[in-house]
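So the chains spell out like this:
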Amino acid sequence: PHLRVAHGVAPAAAGLAVDGAQIARTAERLAAAGVAVRAHRTNFAGLPAVLAAEGLEAVDCVLADLGVSSMQVDDPARGFSFRHDGPLDMRMDARRKTTAATLLASLSEAALASALRDLSDEPLADRIAAAVVRERAIRPLLRTGQLADLVLAEAGLTRRAWADRARDGKAGLHPAARTFQALRILVNDELACLRRFLDQLPGCLAPGGRVAILSFHSGEDRLVKHHFRDGLRGGLYADVAPDPVRAGPAEVRANSRASSARLRWAVRAR
């Protein structure tokens, strides 16, 4: 996840991200473009510590992008994608010890099924969890291709059958998409980090300050929606988005990954 903060009294910006490789590349690109952004390697839940390091009490603007970057998804070595074979890693922050492979080796069948249901609304959660437990009793699940094939099999499909559907324009969502999403959320403890960020957010915004949060699945969006709603009722926010802002048809055509994006905003009370 990435987060940018800006302070209006002394124009400046700081960027937060946990991915060491990507934050370095981003800082280089921004510097080459003449954009002054100070980069901090931390999750957005670390916002108060970053403000303290920057000598700021509050900020005028916060933009939080909760999604995985295309650079992460498209790199097979990171293990985020069911489309590319690679190690079952999925860590946004390489300093974390837990990978998707270690989770699949240690989670109980019931816990895995629950995670698939709660974090990705997977309709085949019980079957996939049972298949994982059967498979790991024979051989460890270490590759994204292994897991994708296992989920395809539980959906009654093979790689070739799915490719044929995709070629005919009848594919829809890949059967492994929800499983990979749930594992990524677990590996990176994403919802707990988001809850901590939302709890700290009002105290980090200056009076009249604005925040916009871009989420990519219903669990994240629900947390943001409820936080803003409760904050409005409690007087923390003066105004909040009545509905999420969604990508239009032209934007989705230009970037298909924008189709699931939801943006919500809020204004801190004065």
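Refer to the preceding data block for the structure.
Since this is a predicted model, take the numbers as computed values, not measurements.

A. Seen up close, the overall build of the protein chain. The number of helices and strands found in the protein chain is twelve helices and eight strands. Its C-alpha atoms give the protein chain a radius of gyration of 20 Å, within 12% of the compact-globule value 18 Å for 270 residues. Expressed along its principal axes, the backbone C-alpha trace of the protein chain runs to roughly 60 × 40 × 40 Å. Sequence separation of 24 or more characterises 65% of the internal contacts of the protein chain that already satisfy a separation of 6 or more. Looking at the protein chain as shown, the accessible area adds up to about 13,600 Å², and 53% of this sits on carbon and sulfur atoms.

B. How the structure looks around the nonpolar core. Membership of the largest hydrophobic core comes to 34 residues, with the highest contact counts inside it found for Leu 88, Met 90, Leu 104, Val 132 and Leu 147. Elements with a minimum of two residues in this core: α4 (100-106), α5 (109-120), α6 (125-138), α7 (144-154) and α9 (177-188). Per-element tally for this core: the top contributor is α9, with six residues. When sequence neighbours within four positions are dropped, the list of residues in contact with Met 90 reads Arg 78, Gly 79, Phe 80, Ala 100, Phe 180, Leu 183, Arg 184, Val 187 and Asn 188. Of all hydrophobic cores here, the second largest spans 21 residues; its members include Cys 193, Tyr 237, Val 240 and Ala 266.

C. Looking closely at the environment of Arg 268. Position of Arg 268 relative to the elements: it lies in strand β8 (residues 262-268). Distance from Arg 268 to Pro 207, taken between C-alpha atoms, is 5.6 Å for residues 61 residues apart in sequence. Sequence-distant contacts of Arg 268, that is, excluding residues within four places in its chain, are made with Pro 202, Leu 205, Ala 206, Pro 207, Gly 208, Gly 209, Leu 236, Tyr 237 and Ala 238.

D. Region of interest: the packing of aromatic side chains. Enumeration over the complete set of coordinates arrives at three aromatic pairs. Both rings, one in Phe 82 and one in Phe 180, keep their centres 5.7 Å apart while their planes meet at 80 degrees; by these two values the pair is edge-to-face. One end of the pair, Phe 82, is in the loop between α3 (70-73) and α4; the other, Phe 180, is in helix α9, and 98 residues separate them in sequence. On the basis of an interplanar angle of 80 degrees and a centroid distance of 5.4 Å, the ring pair of Phe 228 and Tyr 237 is categorised as edge-to-face. We classify Phe 228 as buried; its relative accessible area is 3%.

E. Spatial organisation of the pattern of salt bridges. Within the structure shown, the criterion is met by 16 salt bridges. For the salt bridge of Asp 93 with Arg 95, the shortest nitrogen-to-oxygen distance reads 2.8 Å. Asp 93 sits in the buried class, given a relative accessible area of 10%. Look at the salt bridges and you will find they share partners, linking Arg 41, Asp 93 and Arg 95 into a network.

F. Structural context of the side chain of Thr 99. Within the secondary structure layout, Thr 99 lies in the loop between α3 and α4. Setting aside anything within four residues of it in sequence, one finds Thr 99 in contact with Leu 88, Asp 89, Arg 91 and Val 187.

G. Representation of helix α2 (residues 47-54) in the model. Inspection of α2 places Leu 47, Val 50, Leu 51 and Glu 54 among the buried residues, and these make up the whole buried set. The arc enclosing the buried residues of α2, seen along the axis, measures out at 100 degrees, which places them on a common side. For α2, the exposed residues set more than 90 degrees away from the buried face come down to Ala 49, Ala 52 and Ala 53. Once α2 finishes, Gly 55 follows within two positions and takes phi at roughly 75 degrees, a positive value.

H. Looking closely at unusual backbone geometry. Here Asp 121, not a glycine, exhibits a phi torsion of approximately 55 degrees, which is positive. Its identity as a non-glycine residue notwithstanding, Asp 189 has a phi of 50 degrees, on the positive side.

I. Molecular detail of the packing of α9 against helix α10 (residues 190-204). Direction vectors running N to C along α9 and α10 enclose 55 degrees, while the axes themselves pass 6 Å from each other. With respect to α10, the element α9 is oriented oblique. For the pair α9 and α10, contact is made by Arg 184, Ile 185 and Asn 188 and by Glu 190, Leu 191 and Cys 193, respectively. The residue makeup of the contact of α9 with α10, split by class, is three nonpolar, one polar and two charged.

J. Quick peek at the packing of α7 against α9. Closest axis-to-axis distance for the α7/α9 pair is 9 Å, and the angle between their directions is 130 degrees. Taken as axis vectors, α7 and α9 run oblique relative to one another. Of α9, the residues touching α7 (which contributes Thr 144, Leu 147, Ala 148 and Val 151) are Thr 179, Phe 180 and Leu 183.

Cut-offs used in this document
Residues numbered from 1 in each chain as written. Predicted model: local features only at pLDDT ≥ 70, side-chain atom pairs only at ≥ 80, totals over all residues. Heavy atoms only, no water. Helix = DSSP H or I, 4+ residues; strand = E, 2+ residues; numbered from the N terminus. Rg over C-alpha atoms; globule rule 2.2 N^0.38 Å. Contact = heavy atoms within 4.5 Å. Areas by Shrake-Rupley, 256 points an atom, 1.4 Å probe, with all protein chains shown as cover. Core = buried A, V, L, I, M, F, W, Y, C linked by side-chain atoms within 4.5 Å. Buried < 20%, exposed > 50% of the residue type's maximum accessible area, 1.4 Å probe, protein only. Phe/Tyr/Trp six-rings, centres within 6.5 Å; stacked < 30°, edge-to-face > 60°. Salt bridge = Lys/Arg side-chain N within 4 Å of Asp/Glu carboxyl O. Arc of directions from axis to C-beta. Axes fitted to C-alpha atoms, helices over the stretch in contact; angles between N-to-C directions. Parallel < 35°, antiparallel > 145°, perpendicular 65-115°, else oblique. Nonpolar A, V, L, I, M, F, W, Y, C, P; charged D, E, K, R; others polar.

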